[in-house]
Amino acid sequence: MTAGALALAAALVMLALALRTQEPRSFEDQACSLPGSWLTRIQRGYHEPRSGQISLLPRYPAYMASGGAGWSHSGPWPYLQEVPLVFYSPGLLGNGQIVDRDVTLADLAPTTAELIEADLPGVQGRALTEVVDAAGGKKPKLIVTVVWDGGGRNALELWPDTWPNLARLMDGGISYTNATDGSSPSVTPAVHSTIGTGVFPEIHGVTGVPVLDEEGDVVDAFLSGESSRFLEVPTVGELWDEQNEGRAKIGMLAYEPWHLGMIGHGAERPGGDKDDAVWLNVDTNEWKTNPDHYRLPPSVEGTTGLAEDIARLDAADGRVDRSWGDLEILDDRSRIEETPAFVHFHGRALRNMIAEEGYGDDDVTDLLYTNFKQIDRIAHYYNMADRTVGENLQATDEELGALVDYLDQTMDPADWMVVVTADHGMQPDQAAVDGFGINPREVEDDIDAHFGAPIARAVWPTEVFLFEDEMESAGITTQEVARYLANYRVSDNAADVETRVDGTGIFEGDDTVYEMAIPAAMLPDIDCDAGPGAASGQGMAYRMSAP
(Lines give C-alpha, C1' and ligand atoms only; values in the text may rest on other atoms or scores of the structure.)
Protein backbone atom coordinates (compact mmCIF):
# COMPACT_ATOMS: atom_id res chain seq x y z
CA MET A 1 0.00 0.00 0.00
CA THR A 2 1.40 3.41 -0.94
CA ALA A 3 1.99 6.19 1.55
CA GLY A 4 -0.90 8.09 0.02
CA ALA A 5 -3.22 5.10 0.36
CA LEU A 6 -2.16 4.59 3.97
CA ALA A 7 -2.83 8.24 4.69
CA LEU A 8 -6.26 8.01 3.08
CA ALA A 9 -7.11 4.87 5.05
CA ALA A 10 -6.01 6.53 8.26
CA ALA A 11 -8.12 9.56 7.44
CA LEU A 12 -11.18 7.38 6.82
CA VAL A 13 -10.66 5.60 10.12
CA MET A 14 -10.39 8.94 11.91
CA LEU A 15 -13.52 10.17 10.13
CA ALA A 16 -15.44 7.05 11.14
CA LEU A 17 -14.33 7.47 14.73
CA ALA A 18 -15.34 11.12 14.64
CA LEU A 19 -18.77 10.28 13.24
CA ARG A 20 -19.19 7.58 15.88
CA THR A 21 -18.45 9.91 18.76
CA GLN A 22 -19.73 13.24 17.48
CA GLU A 23 -22.39 15.11 19.36
CA PRO A 24 -25.88 14.43 17.98
CA ARG A 25 -27.83 17.16 16.23
CA SER A 26 -29.71 19.66 18.32
CA PHE A 27 -33.17 18.63 19.44
CA GLU A 28 -34.74 21.26 17.17
CA ASP A 29 -32.77 20.07 14.15
CA GLN A 30 -33.81 16.47 14.78
CA ALA A 31 -37.48 17.45 14.89
CA CYS A 32 -37.32 19.86 11.96
CA SER A 33 -35.50 17.37 9.72
CA LEU A 34 -38.70 15.30 9.64
CA PRO A 35 -41.35 15.86 6.98
CA GLY A 36 -43.79 18.40 8.34
CA SER A 37 -46.73 16.01 8.38
CA TRP A 38 -44.77 13.55 10.53
CA LEU A 39 -43.82 16.18 13.08
CA THR A 40 -47.39 17.46 13.19
CA ARG A 41 -48.67 13.96 13.96
CA ILE A 42 -46.09 13.57 16.73
CA GLN A 43 -47.02 16.94 18.23
CA ARG A 44 -50.72 16.10 18.14
CA GLY A 45 -49.99 12.88 20.02
CA TYR A 46 -48.28 14.56 22.97
CA HIS A 47 -50.12 15.51 26.17
CA GLU A 48 -47.77 16.53 28.98
CA PRO A 49 -49.62 14.98 31.96
CA ARG A 50 -49.83 11.56 30.25
CA SER A 51 -46.94 11.16 27.76
CA GLY A 52 -43.47 9.78 28.32
CA GLN A 53 -40.63 12.19 29.01
CA ILE A 54 -38.76 11.44 25.76
CA SER A 55 -40.23 11.38 22.26
CA LEU A 56 -38.64 8.81 19.94
CA LEU A 57 -38.77 8.05 16.25
CA PRO A 58 -36.79 5.06 14.94
CA ARG A 59 -34.84 5.51 11.72
CA TYR A 60 -36.86 3.65 9.07
CA PRO A 61 -36.74 0.72 8.38
CA ALA A 62 -35.78 0.21 11.99
CA TYR A 63 -38.79 -0.13 14.26
CA MET A 64 -39.41 -0.99 17.87
CA ALA A 65 -40.13 -4.68 18.23
CA SER A 66 -42.40 -5.96 20.99
CA GLY A 67 -40.10 -7.22 23.69
CA GLY A 68 -37.41 -8.00 21.14
CA ALA A 69 -39.78 -10.06 18.97
CA GLY A 70 -43.01 -9.36 17.18
CA TRP A 71 -44.27 -6.29 15.38
CA SER A 72 -45.38 -2.89 16.66
CA HIS A 73 -47.41 -0.35 14.68
CA SER A 74 -46.77 3.00 16.29
CA GLY A 75 -45.44 5.98 14.39
CA PRO A 76 -46.12 8.87 12.02
CA TRP A 77 -45.02 7.02 8.89
CA PRO A 78 -47.63 6.95 6.09
CA TYR A 79 -47.82 3.16 5.94
CA LEU A 80 -49.02 3.05 9.56
CA GLN A 81 -51.21 6.15 9.29
CA GLU A 82 -53.20 5.44 6.11
CA VAL A 83 -56.59 3.89 6.79
CA PRO A 84 -59.82 3.27 4.88
CA LEU A 85 -62.70 5.61 5.62
CA VAL A 86 -66.04 4.73 4.04
CA PHE A 87 -69.58 6.05 4.64
CA TYR A 88 -72.40 3.89 3.31
CA SER A 89 -76.15 4.45 3.35
CA PRO A 90 -78.21 3.31 0.35
CA GLY A 91 -80.95 5.79 1.11
CA LEU A 92 -78.85 8.85 1.94
CA LEU A 93 -75.54 8.90 0.11
CA GLY A 94 -76.34 8.27 -3.53
CA ASN A 95 -74.45 6.04 -5.93
CA GLY A 96 -70.88 6.33 -4.74
CA GLN A 97 -68.14 8.92 -4.62
CA ILE A 98 -64.35 8.73 -4.32
CA VAL A 99 -62.76 11.65 -2.45
CA ASP A 100 -58.99 12.01 -2.57
CA ARG A 101 -58.41 15.06 -0.36
CA ASP A 102 -56.58 14.68 2.95
CA VAL A 103 -58.78 13.90 5.94
CA THR A 104 -58.14 12.45 9.40
CA LEU A 105 -60.06 10.35 11.87
CA ALA A 106 -60.66 13.50 13.91
CA ASP A 107 -63.18 14.35 11.17
CA LEU A 108 -65.46 11.46 12.11
CA ALA A 109 -67.06 12.93 15.24
CA PRO A 110 -67.84 16.35 13.73
CA THR A 111 -69.30 14.63 10.66
CA THR A 112 -71.59 12.60 12.91
CA ALA A 113 -72.48 15.76 14.80
CA GLU A 114 -73.41 17.61 11.58
CA LEU A 115 -75.51 14.71 10.34
CA ILE A 116 -77.59 14.48 13.51
CA GLU A 117 -77.41 18.16 14.57
CA ALA A 118 -75.51 17.44 17.77
CA ASP A 119 -73.62 20.16 19.64
CA LEU A 120 -69.90 19.32 19.51
CA PRO A 121 -67.81 22.40 20.36
CA GLY A 122 -64.05 22.77 20.26
CA VAL A 123 -63.18 20.00 17.81
CA GLN A 124 -60.00 19.88 15.75
CA GLY A 125 -61.55 17.79 13.01
CA ARG A 126 -63.91 19.12 10.36
CA ALA A 127 -67.22 17.74 9.18
CA LEU A 128 -66.83 15.93 5.87
CA THR A 129 -68.94 18.05 3.56
CA GLU A 130 -69.39 15.33 0.96
CA VAL A 131 -71.26 13.18 3.49
CA VAL A 132 -73.23 16.00 5.05
CA ASP A 133 -74.26 17.47 1.70
CA ALA A 134 -75.28 14.09 0.30
CA ALA A 135 -77.52 13.45 3.32
CA GLY A 136 -79.29 16.73 2.59
CA GLY A 137 -80.43 17.35 6.15
CA LYS A 138 -81.99 13.91 6.60
CA LYS A 139 -81.05 12.18 9.84
CA PRO A 140 -80.45 8.44 9.97
CA LYS A 141 -82.00 6.66 12.92
CA LEU A 142 -78.88 4.57 13.44
CA ILE A 143 -75.19 5.12 12.66
CA VAL A 144 -72.95 2.09 13.13
CA THR A 145 -69.22 2.82 13.14
CA VAL A 146 -67.11 -0.26 12.45
CA VAL A 147 -63.37 -0.22 13.18
CA TRP A 148 -61.14 -2.92 11.75
CA ASP A 149 -58.30 -2.95 14.25
CA GLY A 150 -55.05 -3.09 12.27
CA GLY A 151 -56.97 -3.01 8.98
CA GLY A 152 -55.04 -0.06 7.54
CA ARG A 153 -54.45 0.36 3.84
CA ASN A 154 -51.17 -1.55 3.79
CA ALA A 155 -52.94 -4.60 5.24
CA LEU A 156 -55.75 -4.27 2.68
CA GLU A 157 -53.25 -3.96 -0.16
CA LEU A 158 -51.40 -7.05 1.01
CA TRP A 159 -54.63 -9.10 1.01
CA PRO A 160 -56.62 -7.55 -1.89
CA ASP A 161 -58.99 -10.47 -2.48
CA THR A 162 -60.23 -10.80 1.10
CA TRP A 163 -62.53 -7.76 1.40
CA PRO A 164 -65.18 -7.77 -1.38
CA ASN A 165 -67.85 -6.36 0.95
CA LEU A 166 -65.74 -3.38 1.92
CA ALA A 167 -65.05 -2.85 -1.78
CA ARG A 168 -68.81 -2.94 -2.41
CA LEU A 169 -69.34 -0.24 0.20
CA MET A 170 -66.53 1.84 -1.28
CA ASP A 171 -68.19 1.64 -4.68
CA GLY A 172 -71.66 2.43 -3.38
CA GLY A 173 -70.85 4.96 -0.66
CA ILE A 174 -68.44 7.81 -0.06
CA SER A 175 -64.85 6.63 0.25
CA TYR A 176 -61.94 8.82 1.38
CA THR A 177 -58.74 7.49 -0.14
CA ASN A 178 -56.34 9.81 1.71
CA ALA A 179 -57.56 9.28 5.27
CA THR A 180 -55.00 9.06 8.07
CA ASP A 181 -55.04 8.72 11.85
CA GLY A 182 -53.64 12.23 12.08
CA SER A 183 -51.57 11.67 15.24
CA SER A 184 -48.78 9.49 16.58
CA PRO A 185 -48.60 7.14 18.51
CA SER A 186 -50.87 5.28 16.10
CA VAL A 187 -52.23 2.92 18.73
CA THR A 188 -55.66 1.68 19.73
CA PRO A 189 -56.59 3.78 22.80
CA ALA A 190 -55.40 7.07 21.30
CA VAL A 191 -57.00 6.65 17.88
CA HIS A 192 -60.34 5.37 19.14
CA SER A 193 -60.53 8.35 21.47
CA THR A 194 -59.93 10.62 18.49
CA ILE A 195 -62.75 8.85 16.62
CA GLY A 196 -65.15 9.51 19.48
CA THR A 197 -64.19 13.08 20.34
CA GLY A 198 -63.03 14.83 17.16
CA VAL A 199 -59.80 16.00 18.82
CA PHE A 200 -56.30 14.55 18.96
CA PRO A 201 -54.48 13.21 22.05
CA GLU A 202 -52.91 16.61 22.74
CA ILE A 203 -56.44 17.63 23.83
CA HIS A 204 -58.34 14.44 24.71
CA GLY A 205 -55.45 13.13 26.81
CA VAL A 206 -55.36 9.43 25.87
CA THR A 207 -51.89 9.31 24.36
CA GLY A 208 -51.15 5.60 24.14
CA VAL A 209 -51.52 2.18 25.69
CA PRO A 210 -49.56 3.25 28.79
CA VAL A 211 -50.04 6.72 30.25
CA LEU A 212 -48.81 8.56 33.31
CA ASP A 213 -51.42 8.84 36.04
CA GLU A 214 -51.85 11.65 38.54
CA GLU A 215 -49.06 10.26 40.72
CA GLY A 216 -46.64 9.84 37.83
CA ASP A 217 -47.01 6.05 37.64
CA VAL A 218 -47.29 4.29 34.28
CA VAL A 219 -50.73 2.71 34.02
CA ASP A 220 -53.14 1.37 31.41
CA ALA A 221 -54.91 4.18 29.53
CA PHE A 222 -58.37 2.98 30.62
CA LEU A 223 -57.26 1.25 33.82
CA SER A 224 -58.52 -2.09 32.49
CA GLY A 225 -62.06 -0.73 32.41
CA GLU A 226 -62.00 0.63 35.95
CA SER A 227 -62.13 4.27 34.82
CA SER A 228 -62.15 6.41 31.67
CA ARG A 229 -60.99 9.49 33.55
CA PHE A 230 -57.90 10.06 31.41
CA LEU A 231 -60.25 10.89 28.52
CA GLU A 232 -60.46 14.60 29.26
CA VAL A 233 -63.22 15.66 26.87
CA PRO A 234 -66.69 14.28 26.13
CA THR A 235 -67.47 12.24 23.04
CA VAL A 236 -70.06 13.15 20.45
CA GLY A 237 -72.19 10.29 21.81
CA GLU A 238 -72.13 11.65 25.35
CA LEU A 239 -73.10 15.15 24.25
CA TRP A 240 -75.82 13.86 21.94
CA ASP A 241 -77.26 11.72 24.72
CA GLU A 242 -77.30 14.68 27.10
CA GLN A 243 -78.84 16.88 24.41
CA ASN A 244 -81.69 14.37 24.16
CA GLU A 245 -82.08 13.86 27.92
CA GLY A 246 -80.82 10.30 27.79
CA ARG A 247 -83.17 9.10 25.04
CA ALA A 248 -80.38 8.34 22.54
CA LYS A 249 -78.90 4.87 22.65
CA ILE A 250 -75.10 4.98 22.72
CA GLY A 251 -73.32 1.64 22.56
CA MET A 252 -70.02 -0.14 22.06
CA LEU A 253 -69.28 -3.79 21.34
CA ALA A 254 -65.52 -4.24 21.28
CA TYR A 255 -62.56 -6.24 22.43
CA GLU A 256 -61.15 -4.29 25.36
CA PRO A 257 -61.59 -1.08 27.37
CA TRP A 258 -59.07 0.67 25.08
CA HIS A 259 -62.03 1.24 22.74
CA LEU A 260 -64.11 3.17 25.27
CA GLY A 261 -62.86 6.45 23.83
CA MET A 262 -65.42 5.97 21.06
CA ILE A 263 -68.38 6.34 23.43
CA GLY A 264 -66.95 7.99 26.54
CA HIS A 265 -67.40 7.79 30.29
CA GLY A 266 -70.94 6.47 30.73
CA ALA A 267 -72.23 7.09 34.24
CA GLU A 268 -68.74 8.06 35.38
CA ARG A 269 -69.36 11.46 33.73
CA PRO A 270 -71.46 13.78 35.91
CA GLY A 271 -74.95 13.75 34.44
CA GLY A 272 -74.16 10.74 32.26
CA ASP A 273 -76.00 7.43 32.19
CA LYS A 274 -75.02 3.80 31.78
CA ASP A 275 -74.49 3.45 28.05
CA ASP A 276 -74.12 -0.02 26.56
CA ALA A 277 -70.42 -0.94 26.68
CA VAL A 278 -69.14 -4.46 26.16
CA TRP A 279 -65.65 -5.87 25.98
CA LEU A 280 -64.10 -9.29 26.35
CA ASN A 281 -62.66 -11.26 29.20
CA VAL A 282 -59.90 -12.78 27.08
CA ASP A 283 -59.27 -15.56 29.58
CA THR A 284 -62.83 -16.92 29.42
CA ASN A 285 -64.21 -15.53 26.12
CA GLU A 286 -67.09 -14.04 28.06
CA TRP A 287 -68.42 -10.55 27.48
CA LYS A 288 -68.03 -8.11 30.36
CA THR A 289 -68.41 -4.47 31.37
CA ASN A 290 -67.87 -2.18 34.35
CA PRO A 291 -71.39 -2.17 35.86
CA ASP A 292 -70.68 0.99 37.84
CA HIS A 293 -70.39 3.02 34.64
CA TYR A 294 -71.93 0.99 31.80
CA ARG A 295 -74.55 -1.60 30.95
CA LEU A 296 -73.99 -5.12 29.62
CA PRO A 297 -76.86 -5.76 27.15
CA PRO A 298 -78.59 -9.11 27.72
CA SER A 299 -78.70 -9.62 23.95
CA VAL A 300 -74.91 -9.77 23.77
CA GLU A 301 -74.49 -11.83 26.90
CA GLY A 302 -77.06 -14.28 25.56
CA THR A 303 -75.52 -14.71 22.09
CA THR A 304 -74.77 -18.37 21.41
CA GLY A 305 -73.07 -20.44 18.75
CA LEU A 306 -69.37 -19.96 19.49
CA ALA A 307 -68.84 -23.71 19.81
CA GLU A 308 -70.37 -24.23 16.38
CA ASP A 309 -68.22 -21.42 14.93
CA ILE A 310 -65.13 -23.12 16.34
CA ALA A 311 -66.17 -26.50 14.95
CA ARG A 312 -66.60 -25.03 11.46
CA LEU A 313 -63.18 -23.40 11.62
CA ASP A 314 -61.63 -26.64 12.87
CA ALA A 315 -63.07 -28.62 9.95
CA ALA A 316 -62.32 -26.00 7.29
CA ASP A 317 -58.97 -27.61 6.35
CA GLY A 318 -60.54 -31.08 6.08
CA ARG A 319 -59.23 -32.27 9.45
CA VAL A 320 -61.05 -32.21 12.79
CA ASP A 321 -58.07 -31.80 15.10
CA ARG A 322 -58.92 -28.80 17.28
CA SER A 323 -56.57 -26.64 15.23
CA TRP A 324 -56.85 -23.58 13.04
CA GLY A 325 -54.69 -24.81 10.21
CA ASP A 326 -51.42 -25.61 11.97
CA LEU A 327 -52.21 -23.53 15.07
CA GLU A 328 -53.30 -25.77 17.92
CA ILE A 329 -55.21 -23.10 19.81
CA LEU A 330 -58.88 -24.02 19.57
CA ASP A 331 -58.85 -25.66 23.00
CA ASP A 332 -57.16 -22.66 24.56
CA ARG A 333 -59.86 -20.32 25.81
CA SER A 334 -57.38 -17.45 25.95
CA ARG A 335 -56.59 -17.82 22.22
CA ILE A 336 -59.97 -18.58 20.64
CA GLU A 337 -60.79 -14.87 20.44
CA GLU A 338 -57.94 -14.43 17.90
CA THR A 339 -59.63 -16.60 15.27
CA PRO A 340 -62.18 -16.20 12.48
CA ALA A 341 -64.57 -18.26 14.63
CA PHE A 342 -64.73 -15.45 17.14
CA VAL A 343 -65.10 -12.85 14.39
CA HIS A 344 -68.33 -14.56 13.35
CA PHE A 345 -69.49 -14.85 16.97
CA HIS A 346 -68.83 -11.12 17.42
CA GLY A 347 -70.77 -10.24 14.28
CA ARG A 348 -73.76 -12.25 15.44
CA ALA A 349 -73.66 -10.56 18.86
CA LEU A 350 -73.61 -7.16 17.14
CA ARG A 351 -76.71 -7.95 15.09
CA ASN A 352 -78.45 -9.31 18.19
CA MET A 353 -77.61 -6.10 20.01
CA ILE A 354 -79.21 -3.98 17.28
CA ALA A 355 -82.27 -6.18 17.06
CA GLU A 356 -83.00 -6.73 20.75
CA GLU A 357 -81.84 -3.48 22.38
CA GLY A 358 -83.91 -1.21 20.15
CA TYR A 359 -81.19 0.52 18.17
CA GLY A 360 -82.75 2.62 15.42
CA ASP A 361 -86.29 2.15 16.74
CA ASP A 362 -87.22 5.82 17.17
CA ASP A 363 -86.48 9.22 15.66
CA VAL A 364 -83.61 10.05 18.01
CA THR A 365 -80.47 8.87 16.21
CA ASP A 366 -78.63 6.06 18.00
CA LEU A 367 -74.86 5.68 17.78
CA LEU A 368 -73.33 2.21 17.91
CA TYR A 369 -69.58 1.59 17.71
CA THR A 370 -67.79 -1.71 17.28
CA ASN A 371 -64.18 -2.86 16.99
CA PHE A 372 -63.13 -6.12 15.34
CA LYS A 373 -59.72 -6.79 16.91
CA GLN A 374 -58.57 -10.04 15.32
CA ILE A 375 -56.59 -8.61 12.38
CA ASP A 376 -54.41 -6.68 14.80
CA ARG A 377 -54.11 -9.43 17.41
CA ILE A 378 -52.90 -12.11 15.06
CA ALA A 379 -50.58 -9.74 13.18
CA HIS A 380 -48.80 -8.95 16.44
CA TYR A 381 -48.08 -12.65 16.82
CA TYR A 382 -47.31 -13.74 13.28
CA ASN A 383 -46.87 -10.56 11.19
CA MET A 384 -49.24 -9.05 8.65
CA ALA A 385 -48.00 -11.34 5.86
CA ASP A 386 -49.06 -14.51 7.66
CA ARG A 387 -52.05 -16.40 6.24
CA THR A 388 -53.86 -16.01 9.59
CA VAL A 389 -54.11 -12.25 9.01
CA GLY A 390 -55.66 -12.79 5.59
CA GLU A 391 -58.17 -15.26 7.01
CA ASN A 392 -59.16 -12.90 9.82
CA LEU A 393 -59.49 -10.07 7.33
CA GLN A 394 -61.77 -12.19 5.18
CA ALA A 395 -63.93 -13.20 8.15
CA THR A 396 -64.17 -9.57 9.28
CA ASP A 397 -65.27 -8.55 5.81
CA GLU A 398 -67.88 -11.31 5.77
CA GLU A 399 -69.33 -9.93 9.00
CA LEU A 400 -69.40 -6.44 7.49
CA GLY A 401 -71.45 -7.87 4.65
CA ALA A 402 -73.76 -9.64 7.09
CA LEU A 403 -74.28 -6.39 9.04
CA VAL A 404 -75.13 -4.40 5.93
CA ASP A 405 -77.47 -7.11 4.65
CA TYR A 406 -79.21 -7.26 8.02
CA LEU A 407 -79.76 -3.49 8.14
CA ASP A 408 -80.92 -3.52 4.53
CA GLN A 409 -83.51 -6.17 5.33
CA THR A 410 -84.81 -4.69 8.59
CA MET A 411 -84.67 -0.90 8.18
CA ASP A 412 -85.63 1.72 5.62
CA PRO A 413 -82.64 2.54 3.37
CA ALA A 414 -82.59 6.17 4.57
CA ASP A 415 -82.69 5.23 8.25
CA TRP A 416 -79.23 3.76 8.69
CA MET A 417 -75.60 4.45 7.92
CA VAL A 418 -72.49 2.32 8.31
CA VAL A 419 -69.06 3.91 8.67
CA VAL A 420 -66.00 1.70 8.21
CA THR A 421 -62.44 2.61 9.11
CA ALA A 422 -59.33 1.27 10.83
CA ASP A 423 -57.12 2.60 13.59
CA HIS A 424 -53.73 1.98 11.96
CA GLY A 425 -51.81 -0.11 9.47
CA MET A 426 -49.45 -2.92 10.44
CA GLN A 427 -45.69 -3.33 10.51
CA PRO A 428 -44.24 -5.46 7.69
CA ASP A 429 -41.90 -8.29 8.53
CA GLN A 430 -38.33 -7.25 9.30
CA ALA A 431 -36.97 -9.29 6.40
CA ALA A 432 -39.54 -7.90 3.94
CA VAL A 433 -38.22 -4.35 4.36
CA ASP A 434 -34.60 -5.27 5.14
CA GLY A 435 -35.13 -3.65 8.50
CA PHE A 436 -33.96 -3.91 12.08
CA GLY A 437 -36.20 -4.76 15.00
CA ILE A 438 -35.07 -2.69 17.97
CA ASN A 439 -35.22 -4.55 21.27
CA PRO A 440 -36.82 -2.11 23.75
CA ARG A 441 -35.70 -4.13 26.78
CA GLU A 442 -32.11 -3.78 25.61
CA VAL A 443 -32.61 -0.02 25.27
CA GLU A 444 -33.87 0.11 28.86
CA ASP A 445 -30.89 -1.88 30.13
CA ASP A 446 -28.45 0.27 28.16
CA ILE A 447 -29.91 3.51 29.52
CA ASP A 448 -29.52 2.25 33.08
CA ALA A 449 -26.01 0.95 32.45
CA HIS A 450 -24.87 4.15 30.76
CA PHE A 451 -26.10 6.42 33.54
CA GLY A 452 -25.36 4.02 36.38
CA ALA A 453 -28.84 4.32 37.83
CA PRO A 454 -32.22 2.56 37.37
CA ILE A 455 -33.90 5.44 35.54
CA ALA A 456 -35.59 3.69 32.57
CA ARG A 457 -39.15 2.84 33.55
CA ALA A 458 -40.37 1.70 30.11
CA VAL A 459 -39.33 2.09 26.48
CA TRP A 460 -42.25 2.05 24.06
CA PRO A 461 -42.21 2.37 20.26
CA THR A 462 -42.40 6.17 20.23
CA GLU A 463 -41.70 7.28 23.79
CA VAL A 464 -39.65 6.62 26.90
CA PHE A 465 -40.97 6.76 30.45
CA LEU A 466 -38.37 7.64 33.08
CA PHE A 467 -38.16 7.42 36.87
CA GLU A 468 -37.83 11.10 37.63
CA ASP A 469 -37.13 10.58 41.33
CA GLU A 470 -34.16 8.32 40.52
CA MET A 471 -32.93 10.86 37.98
CA GLU A 472 -33.13 13.68 40.49
CA SER A 473 -31.22 11.66 43.08
CA ALA A 474 -28.50 10.86 40.54
CA GLY A 475 -28.39 14.35 39.05
CA ILE A 476 -29.47 13.15 35.59
CA THR A 477 -31.57 15.31 33.27
CA THR A 478 -34.06 14.35 30.60
CA GLN A 479 -31.92 16.25 28.11
CA GLU A 480 -28.93 14.03 28.89
CA VAL A 481 -30.95 10.86 28.37
CA ALA A 482 -32.34 12.18 25.09
CA ARG A 483 -28.83 13.03 23.86
CA TYR A 484 -27.67 9.54 24.74
CA LEU A 485 -30.52 8.00 22.74
CA ALA A 486 -29.92 10.34 19.78
CA ASN A 487 -26.43 8.81 19.57
CA TYR A 488 -27.59 5.23 20.29
CA ARG A 489 -26.26 2.78 17.69
CA VAL A 490 -27.35 -0.49 16.15
CA SER A 491 -24.33 -2.16 17.72
CA ASP A 492 -25.49 -0.98 21.15
CA ASN A 493 -28.85 -2.68 20.69
CA ALA A 494 -27.64 -5.80 18.85
CA ALA A 495 -25.72 -7.08 21.85
CA ASP A 496 -27.68 -10.29 22.33
CA VAL A 497 -27.24 -13.45 20.30
CA GLU A 498 -30.84 -13.53 19.03
CA THR A 499 -30.60 -10.08 17.47
CA ARG A 500 -27.26 -10.87 15.85
CA VAL A 501 -28.72 -14.00 14.31
CA ASP A 502 -31.79 -12.18 13.00
CA GLY A 503 -29.56 -9.58 11.42
CA THR A 504 -29.76 -5.82 11.15
CA GLY A 505 -31.02 -5.41 7.58
CA ILE A 506 -29.60 -2.43 5.71
CA PHE A 507 -28.05 -1.05 8.89
CA GLU A 508 -24.41 -1.20 9.85
CA GLY A 509 -23.46 -1.50 13.47
CA ASP A 510 -22.33 2.11 13.62
CA ASP A 511 -25.65 3.54 12.34
CA THR A 512 -27.77 5.48 14.78
CA VAL A 513 -31.07 3.84 15.66
CA TYR A 514 -33.27 6.92 16.10
CA GLU A 515 -34.17 9.67 13.67
CA MET A 516 -35.35 11.73 16.62
CA ALA A 517 -34.84 11.48 20.37
CA ILE A 518 -35.82 14.67 22.17
CA PRO A 519 -37.36 15.77 25.47
CA ALA A 520 -41.06 15.40 24.79
CA ALA A 521 -41.92 18.59 26.65
CA MET A 522 -40.36 20.52 23.76
CA LEU A 523 -42.88 19.27 21.22
CA PRO A 524 -45.65 21.87 21.64
CA ASP A 525 -43.22 24.76 21.16
CA ILE A 526 -41.23 23.51 18.16
CA ASP A 527 -41.79 25.81 15.19
CA CYS A 528 -39.68 24.78 12.26
CA ASP A 529 -40.48 27.99 10.35
CA ALA A 530 -39.15 30.19 13.11
CA GLY A 531 -35.40 29.78 12.82
CA PRO A 532 -32.35 28.12 11.28
CA GLY A 533 -33.50 24.66 12.41
CA ALA A 534 -36.39 24.81 9.94
CA ALA A 535 -35.24 21.99 7.68
CA SER A 536 -37.47 20.95 4.80
CA GLY A 537 -37.30 17.23 5.47
CA GLN A 538 -35.93 16.56 2.00
CA GLY A 539 -33.25 14.35 3.49
CA MET A 540 -36.01 11.98 4.53
CA ALA A 541 -37.83 11.98 1.20
CA TYR A 542 -36.63 8.50 0.25
CA ARG A 543 -38.45 7.11 3.25
CA MET A 544 -41.82 8.50 2.24
CA SER A 545 -42.41 5.39 0.14
CA ALA A 546 -42.16 3.10 3.15
CA PRO A 547 -44.47 0.09 2.78
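Attention in this report is confined to the structure presented alongside it. (Residues numbered from 1 in each chain as written. Predicted model: local features only at pLDDT ≥ 70, side-chain atom pairs only at ≥ 80, totals over all residues. Heavy atoms only, no water.)

Examining the side chain of T162
We apply this condition: Strands are runs of DSSP state E lasting at least two residues, helices are runs of H or I lasting at least four, and both sets are numbered from the N terminus onward. Only protein chains enter the accessibility calculation, which uses a 1.4 Å probe; a residue is then buried when its area is under 20% of its type maximum, exposed when over 50%, and partly exposed in between. For the purposes of these results, a polar contact is taken to be a pair of N or O atoms within 3.5 Å, where, inside protein, one atom must be able to donate a hydrogen and its partner to accept one; residues adjacent in sequence count only when each atom of the pair is a side-chain atom.
If you trace the backbone, T162 turns up in the loop between α7 (153–158) and α8 (164–172). Given a relative accessible area of 9%, T162 falls into the buried group. There is a polar contact of 2.8 Å between the side chain of T162 and the backbone oxygen of W159.

Concerning the sheet that holds strand β18 (residues 514–519)
Basically, it comes down to this: At least two DSSP bridges between two strands are required for those strands to pair. Geometry is summarised by axes, namely lines fitted to C-alpha atoms with helices restricted to the contacting stretch, and by angles between N-to-C directions that run from 0 to 180 degrees.
Ordered in space as β16-β17-β1-β18, the four strands form an open sheet in which the pairing is antiparallel. A single partner strand is all that each edge strand has here, and the edge strands are β16 (456–460) and β18. Recorded for the sheet is a direction-independent mean angle of 15° between the axes of neighbouring strands. The pairing of strand β1 (residues 54–58) with β18 spans five bridges and is antiparallel. Looking at the pairing, S55 lines up with I518 of β18.

Quick word on the pairing of strand β10 (residues 250–253)
As a general feature of sheets, a regular strand has side chains that alternate between the two faces. A two-sided burial pattern is seen for β10, the buried positions comprising I250 and M252 on one face and G251 and L253 on the other. Looking at chain direction, β10 and strand β13 (residues 366–372) are connected through four bridges and run parallel. If you follow G251 over to β13, its bridge partner there is L368. Judged from the three bridges that link them, β10 and strand β11 (residues 276–281) form a sheet pairing that is parallel. Within β11, the residue paired with G251 across the bridge is D276.

Brief notes about the pattern of salt bridges
What counts here: For this analysis, a salt bridge means a side-chain nitrogen from Lys or Arg found within 4 Å of a carboxyl oxygen belonging to Asp or Glu.
Under the counting rule described, the total for this entry stands at 26 salt bridges. Note that E399 and R351 form a salt bridge whose closest N and O atoms lie 2.7 Å from each other. Separated by 48 residues along the polypeptide, E399 in helix α16 (residues 387–410) and R351 in helix α14 (residues 340–357) bring together distant segments of the chain. Of the two residues, E399 and R351, both sit in the buried class.

Considerations on the layout of surface pockets
Stated precisely, the cut-off is as follows: Note on definitions: the grid is 1 Å and covers protein atoms alone; a cavity is a set of points where a 1.4 Å probe fits but cannot get out; a pocket is an open set with protein on both sides within 12 Å along at least five of seven lines; lining residues have an atom within 4 Å of a point. Grid points are joined across faces, edges and corners, and a volume is the space filled by probe spheres set on the points.
Taken as a whole, the largest pocket spans an internal volume of roughly 850 Å³. Together, 41 residues line the largest pocket, and V209, W258, R377, H380 and W460 are the ones closest to its centre. Put simply, the parts of the chain that give the lining of the largest pocket at least two residues each are α9 (188–197), β11, α15 (374–382), α17 (440–451) and β16. Per-element accounting of the lining of the largest pocket gives the leading share, four residues, to α15.

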